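Descriptive analysis of the structure
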Amino acid sequence: MTKQAKGTKRNQSNLIAFLLLLIIVGIFVLLLTEYNKQPEDADVYIQAGHEGRIFGNTGSVSKYGREIDWTVIVADEATRILRDAGVRVIRAKADRKRVSHIKLAVSIHFDGSQHACKTGASIGFNHASDRSAAKEWKRLYRDIFPFQWMKDNFSKNLKYYYNYRYTVASDAELVLELGEMSCPAQARWLSPRLEYLGAVVAYFMAERIGVSGVDKPRFRP
Ligand SMILES: [Zn+2]
């Protein structure tokens, strides 16, 4: 064989190897996409509002902290307590685009208002069947949160929350606004109690789905 012929042959096998690699990567990506389209089952779903975003709606910011940090602390603590009690939790970031089949879903948020102290705690839901869980949350959190409440679904973001389409809940799916972080009095009350609020959320969810072993956390005035 001439030098030239050898070189051509090598080029051909390189090309074939490259094409094979391309096909393997393609199949892998396809399988992964298909897998992510499969709905996931669990007992509950806990989303930390805005988590994982670097642009778009990245949440409220005040001199007391960033919403994106606070929601993670609350969601993580609720998740930890529930998992310790044997509850299967899907712990979701803001843009988990996979359908989840659960009993109960909550999305954790803190409100921000252009005019400080115009809002407070509130709740969002999009279906009449969510109402009983919403009521129960309000009953619980009203005793704890010492500031004002807004009407249910008082904003478009609460009523038409983008993430409702990814949660199929047999009991309810709720957006929990835990208070207004742009209001100094509320923010000062909220910021040292984020883990406590996670424990309150865990207690609420456990009660709601009938799991024992999650105690009501001691009230921290
Ligand atoms: Zn938010």
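Quick note: structure is the one above.
First things first, this report covers the structure right here in the doc. (Residues numbered from 1 in each chain as written. Predicted model: local features only at pLDDT ≥ 70, side-chain atom pairs only at ≥ 80, totals over all residues. Heavy atoms only, no water.)

1. What to know about the overall build of the protein
The test is simple: In DSSP terms, a helix is any run of H or I states spanning at least four residues, a strand is any run of E spanning at least two, and both are numbered starting from the N terminus. Radius of gyration: over C-alpha atoms. The globule rule applied is 2.2 Å multiplied by the number of residues raised to the 0.38 power. Whether a residue is buried, partly exposed or exposed follows from its accessible area with a 1.4 Å probe, protein chains only, as a fraction of its type maximum: under 20%, in between, or over 50%, in that order. In what follows, a contact means two residues having at least one pair of non-hydrogen atoms within 4.5 Å.
When helices and strands are counted, the protein shows 6 helices and 8 strands. Expected size for 221 residues packed as a compact globule is a radius of gyration near 17 Å; at 23 Å, the protein overshoots this value by more than 25%. Here the C-alpha coordinates of the protein stretch approximately 90 × 40 × 30 Å along the principal axes. Residue burial in the protein is summarised as follows: out of 221 residues, 46% are buried. Across the protein, every contact between residues at least 6 apart in sequence was considered, and the portion connecting residues at least 24 apart equals 82%.

2. Some thoughts on a positive patch on the surface
Defined as follows: The patches reported here contain residues having more than 30% relative accessible area and no salt bridge. Joining distances are 9 Å for like charges and 5 Å for nonpolar side chains (Val, Leu, Ile, Met, Phe, Trp, Tyr). To measure how exposed things are, a 1.4 Å probe is used in the Shrake-Rupley method; for residues, cover is taken only from the protein chains shown. Salt bridge criterion: a side-chain nitrogen from Lys or Arg within 4 Å of a carboxyl oxygen from Asp or Glu. The charge count includes Lys and Arg as positive and Asp and Glu as negative, but it does not include His or the ends of the chains. We put the charge of a Lys on NZ, of an Arg on CZ, of an Asp on CG and of a Glu on CD.
A cluster of like positive charges, contributed by R131, K135, R139 and K159, occupies part of the molecular surface. Top contributing element to the positive patch by residue count: helix α3 (residues 131-142), with 3 residues. Relative to the helices and strands, K135 is located in helix α3.

3. What to know about the packing of aromatic side chains
Filter applied, for reference: Classification of ring pairs rests on two measures: the distance between centres of Phe, Tyr or Trp rings, Trp counted by its six-membered ring, which must be within 6.5 Å, and the angle between planes, read as stacked under 30 degrees, edge-to-face over 60 and tilted in between. Two conditions define a charge sitting above a ring: the NZ of Lys or the CZ of Arg must be within 6 Å of the ring centre, and it must be within 35 degrees of the ring normal.
All chains considered together, the criterion is met by 10 aromatic pairs. Ring geometry for Y161 against Y164: centres 5.7 Å apart, planes inclined by 70°, an arrangement best described as edge-to-face. Of the two residues, Y161 and Y164, both sit in the buried class. Here the basic side chain of R142 rests over the ring of W149, its NZ or CZ set 5.3 Å away from the ring centre.

4. Let's talk about helix α2 (residues 67-84)
Note the cut-off: A helix's residues, less one, multiplied by 1.5 Å, set its expected span.
For α2, spanning 18 residues, the distance from its first C-alpha to its last is 26 Å, which sits close to the expected 26 Å at 1.5 Å a residue. Buried residues of α2: E67, I68, W70, T71, V72, V74, A75, E77, A78, T79, I81 and L82, and no others. G86 sits one or two positions beyond α2 and adopts a positive phi of about 90°.

5. Considerations on the side chain of H109
The test is simple: Whenever two N or O atoms come within 3.5 Å, that pair is a polar contact, provided that in protein one can donate a hydrogen and the other can accept it, and provided that, for residues adjacent in sequence, both atoms are side-chain atoms.
Structurally, H109 is set in strand β6 (residues 100-111). For H109, a relative accessible area of 6% translates into the label buried. A distance of 2.8 Å separates a polar atom in the side chain of H109 from a polar atom in the side chain of Y161.

6. Looking at the nonpolar core
Keep this limit in mind: Throughout this description, the term nonpolar core refers to a set of buried Ala, Val, Leu, Ile, Met, Phe, Trp, Tyr and Cys residues connected via side-chain atoms within 4.5 Å.
Of all hydrophobic cores here, the largest spans 52 residues; its most connected members are L82, F110, W137 and Y141. Within the residue set of this core, elements represented by two or more residues are β2 (44-48), α2, β6, α3, β8 (167-180), α5 (184-190) and α6 (194-209). In terms of residue count, the dominant contributor to this core is α6 (12 residues). Beyond its immediate chain neighbours, meaning those up to four positions away, W137 contacts I123, W149, L176, L178, V200, V201 and F204. Among the nonpolar cores identified, the runner-up in size contains 6 residues, and A42, Y45, A92 and A105 belong to it.

7. Structural notes on the environment of R91
For R91, the location among the structural elements is in strand β5 (residues 89-92). Discounting residues that sit within four places of it in the chain, R91 has contacts with I46, A48, E51, V72, A75, D76, T79 and R83. Among the polar contacts made by the side chain of R91, one reaches the side chain of E51 at a distance of 2.9 Å.

8. A word on unusual backbone geometry
Backbone geometry places H50, a non-glycine residue, at a positive phi of 75°. As for its position among the elements, H50 is in the loop between β2 and β3 (61-62). Phi angles above zero are rare outside glycine, and N153 is one such case at about 50°. Overall, N153 belongs to the buried group, its relative accessible area being 18%.

9. Brief notes about the coordination of the zinc ion
Formally: Distances define the donors: N, O and S atoms within 2.8 Å of the metal qualify, as do those within 3.2 Å of Na, K or Ca. Water is excluded, so some sites may look unfinished.
In this structure, H50 (NE2), E67 (OE) and H109 (ND1) serve as the protein donors to the zinc ion, at separations of 2.1 Å. The sequence motif formed by the donor residues of the zinc ion is H-x16-E-x41-H. Remark: H109 occurs in strand β6 and H50 occurs in the loop between β2 and β3; sequence separation between them is 59 residues.

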